[in-house]
Amino acid sequence: MSWWTRSVLPKIRSLGIKRESTENLWQKCTSCGALLYNNDLEEQQYVCGNCGHHLRLAPQQRFAGLFDDGGWRKLDLPAFSEDPLRWRDTRRYVDRIRDARNNTGEPEAMVVAEGRIGGRTCIVAVQNFAFMAGSMGRAVGQALLTAADRAVAIRAPLIVFPAAGGARMQESILSLIQMPRTVLAVQQVREAGLPYLVVLTDPTTGGVTASFAMLGDVNIAEPGALIGFAGARVIQQTIREDLPEGFQRAEFLLDHGMVDMVVHRHALKERLALLLDHLCQPERPAEDAAAPAKAGKAPAPKGKAAAGPGKKEKAGLQTVEADEAMTVVGLAGERKQPADAELDIPALPAEGGAAPAGADAAAGAKKAAPKDGPAEGGPPEGGEAPKANGGRAAGKEDRKG
Ligand SMILES: [Zn+2]
């Protein structure tokens, strides 16, 4: 019997039965230390059931809990030469990047995705703290620029989830340049009259806080998130005073007017959808969208307004074309915006001249109509205004579906 239990039984067990590693099943809450079952955590969107602590999320986990039906697609981001300064501190920069890629499965510290929140198409950029502390180098700066470009191109709101220790030191001045670059990207979204929302997550510090992270039309924070520029210890040593309790935490910043609201992760999606409903114009019924065609101002090509899901791609392209055309007009010194009645999102009142530009666009449509075709009835062959109208009408259908 002893020969059986000592020698043979272990061998049989090792052949047939694999024990599941407990490391993959459980993890500890980083705040209260409670053991949390991973399946439960996923259901709870990585909020500790014991103390309510919001654990840090990888971009995929964030997207899964944020977009309608978990449906989203990643945007392609440009690649960069890895180590332009041939940086080496205690380790080589290229080695650090390689390890971060292996650990996270992501090429860089920001991931951008497109999907719907509350039925509305949004561009969402998420910083990944697990990738070299989410630090902002050239790739992160470029990711935000790409996100802003895409938001403007499809006229969608931009939502950013920062999480960073600051600038990527290994890229030196090249990382600091990303601060003005990202601010300009935000400005681009603002000038297009589109909402820009920021959800500050734990931790948001350094150059990220000093650039795009604090510029939201509404600055939201997750409960307990550490948000600041310099670290608390540095501040304490500099001013030689004890810091108040809860210093640099989301709730403290809310009390002191630095953030607009602190929202629990479970309520975040609904709150974002509500804010976007307030910030964007309500979507009109299809009859209203077709109304300008009857009036002869900007005739919509037949069938475009009723573009179904099969025509999404085409509709998107048309919107892009129309917006590019407007950008060219803007470069010529006379920036025009489409008639505000056609937009989902109102132009910001602060932008002088934006509102009257709508009238210009309508006038342009009037001029174009007789040239290209009859004012009523038949669809015109081309012309900037009808294209824009068709694209937008289809875009609305796109969002509804
Ligand atoms: Zn906990």
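The shown structure was predicted, so the numbers you read here are calculated from the model rather than taken from an experiment.

Each value, and the rule that gives it
- Residues numbered from 1 in each chain as written.
- Predicted model: local features only at pLDDT ≥ 70, side-chain atom pairs only at ≥ 80, totals over all residues.
- Helix = DSSP H or I, 4+ residues; strand = E, 2+ residues; numbered from the N terminus.
- Buried ≥ 20, exposed ≤ 12 C-beta atoms within 10 Å, placed from the backbone.
- Contact = placed C-beta atoms within 7 Å.
- Expected span 1.5 Å × (residues − 1).
- UniProt positions renumbered as here; feature names shortened; annotations may be inferred.
- Pairing = 2+ DSSP bridges.
- Axes fitted to C-alpha atoms, helices over the stretch in contact; angles between N-to-C directions.
- pLDDT = per-residue confidence, 0-100.
- Core = buried A, V, L, I, M, F, W, Y, C linked by C-beta atoms within 7 Å.
- Parallel < 35°, antiparallel > 145°, perpendicular 65-115°, else oblique.
- Nonpolar A, V, L, I, M, F, W, Y, C, P; charged D, E, K, R; others polar.

A. Highlighting the overall build of the protein. Within the protein one finds 14 helices and 9 strands. Expressed as a percentage of its 401 residues, the buried residues of the protein come to 36%. In the protein, 66% of the contacts between residues at least 6 apart in sequence involve partners at least 24 apart.

B. Main features of helix 5 (residues 138–154). A rise of 1.5 Å per residue sets the reference length of helix 5, with its 17 residues, at 24 Å; its end C-alpha atoms lie 24 Å apart and thus fit the reference within 8%. When we look at burial in helix 5, the residues that qualify are Ala-139, Val-140, Gly-141, Gln-142, Ala-143, Leu-144, Ala-147, Ala-148, Ala-151, Val-152 and Ile-154. One or two residues past the end of helix 5 sits Arg-155, with phi positive at roughly 50°.

C. Spotlight on unusual backbone geometry. In the segment running from Asp-202 into Pro-203, the intervening peptide bond is cis, with an omega of -10°. Here Pro-203 is to be found in the loop between strand 7 (196–200) and strand 8 (218–221). Despite not being glycine, Tyr-46 shows a phi value in the positive range, around 60°. One can find Tyr-46 in the loop between helix 2 (38–43) and helix 3 (59–66). According to the C-beta neighbour criterion, Tyr-46 is buried, with 21 such atoms within 10 Å. You will see that Gln-248, though not glycine, has its phi angle at about 65°, which is positive.

D. Layout of the environment of Leu-36. With respect to the secondary-structure elements, Leu-36 resides in strand 2 (residues 35–37). Taking the C-beta count within 10 Å as the criterion, Leu-36 has 22 such neighbours and is therefore assigned buried. Put simply, Leu-36 and Leu-25 are 11 residues apart on the chain and 8.5 Å apart in space, counted from C-alpha to C-alpha. Setting aside anything within four residues of it in sequence, one finds Leu-36 in contact with Trp-26, Gln-27, Cys-29, Leu-41, Cys-48 and Gly-49.

E. Geometry of the UniProt feature "zinc finger region: C4-type" (unreviewed entry) in the protein. Annotation from UniProt places "zinc finger region: C4-type" (unreviewed entry) at residues 29–51. Helix makes up 26% of residues 29–51 and strand makes up 13%, while its end C-alpha atoms are separated by 9 Å.

F. Region of the structure containing the sheet that holds strand 9 (residues 261–262). Across the sheet, which stays open at both edges, the 7 strands sit in the order 3-4-5-6-7-8-9 with mixed pairing between neighbours. Edge positions in the sheet fall to strand 3 (72–74) and strand 9, since each has one partner strand and no second. Bridging between strand 4 (residues 110–117) and strand 5 (residues 120–127) involves 8 bridges; their strand directions are antiparallel. The residue of strand 5 that forms the bridge with Ala-113 is Val-124. Against the sheet, helix 5 contacts strand 4, strand 5 and strand 6 (158–161), and its axis sits at roughly 175° relative to strand 5.

G. Spatial organisation of the confidence of the model for the protein. Mean pLDDT over the protein works out to 76, with 65% of the residues at or above the 70 mark. For the stretch residues 286–401, pLDDT sits under 50, and the model shows 145 contacts to residues farther than four places along the chain or on other chains.

H. Seen up close, the nonpolar core. Residues Ala-151, Leu-158 and Leu-200 are the most contacted members of the largest nonpolar core, which totals 65 residues. At 9 residues, the largest contribution of residues to this core is made by helix 5.

I. Up close: the packing of helix 5 against helix 7 (residues 178–191). At a minimum axis distance of 9 Å, the contact between helix 5 and helix 7 shows a crossing angle of 10°. In terms of orientation, helix 5 lies roughly parallel with respect to helix 7. Contacts between helix 5 and helix 7 involve Arg-138, Val-140, Gly-141, Leu-144, Leu-145, Ala-148, Ala-151 and Val-152 from the first element and Gln-178, Arg-181, Thr-182, Ala-185, Val-186, Gln-188 and Val-189 from the second. Residue composition of the contact of helix 5 with helix 7, by class: 9 nonpolar, 4 polar and 2 charged.

J. Just the pairing of strand 7, in detail. In terms of burial, strand 7 is a largely internal element, 5 of the 5 residues being buried. By the alternation rule, side chains of strand 7 split into Tyr-196, Val-198 and Leu-200 and Leu-197 and Val-199, which are all buried. Sheet topology note: the strand 6/strand 7 ladder contains 3 bridges and is parallel. Looking at the pairing, Ile-159 lines up with Leu-197 of strand 7.

K. Layout of the pairing of strand 4. Bridge count for strand 3 against strand 4 is 3 bridges, and the pairing is antiparallel. Opposite Trp-72, over in strand 4, you have Gly-115 as the bridge partner. Between strand 4 and the antiparallel strand that follows it, strand 5, lie 2 residues; Gly-118 among them carries a positive phi value of about 60°.

L. Summary view of helix 8 (residues 232–239). With 0 of 8 residues buried, helix 8 is to be regarded as a mostly surface element. Two residues or fewer after helix 8 comes Arg-240, characterised by a positive phi angle close to 50°.

M. Seen up close, the environment of Pro-203. A residue is classified by how many C-beta atoms lie within 10 Å of it, and Pro-203, with 23 of them, is buried. When the C-alpha positions of Pro-203 and Ile-227 are compared, they lie 5.9 Å apart, and in sequence the two are 24 residues distant. Excluding residues that lie within four positions of it along the chain, Pro-203 makes contacts with Ala-163, Ala-225 and Leu-226.

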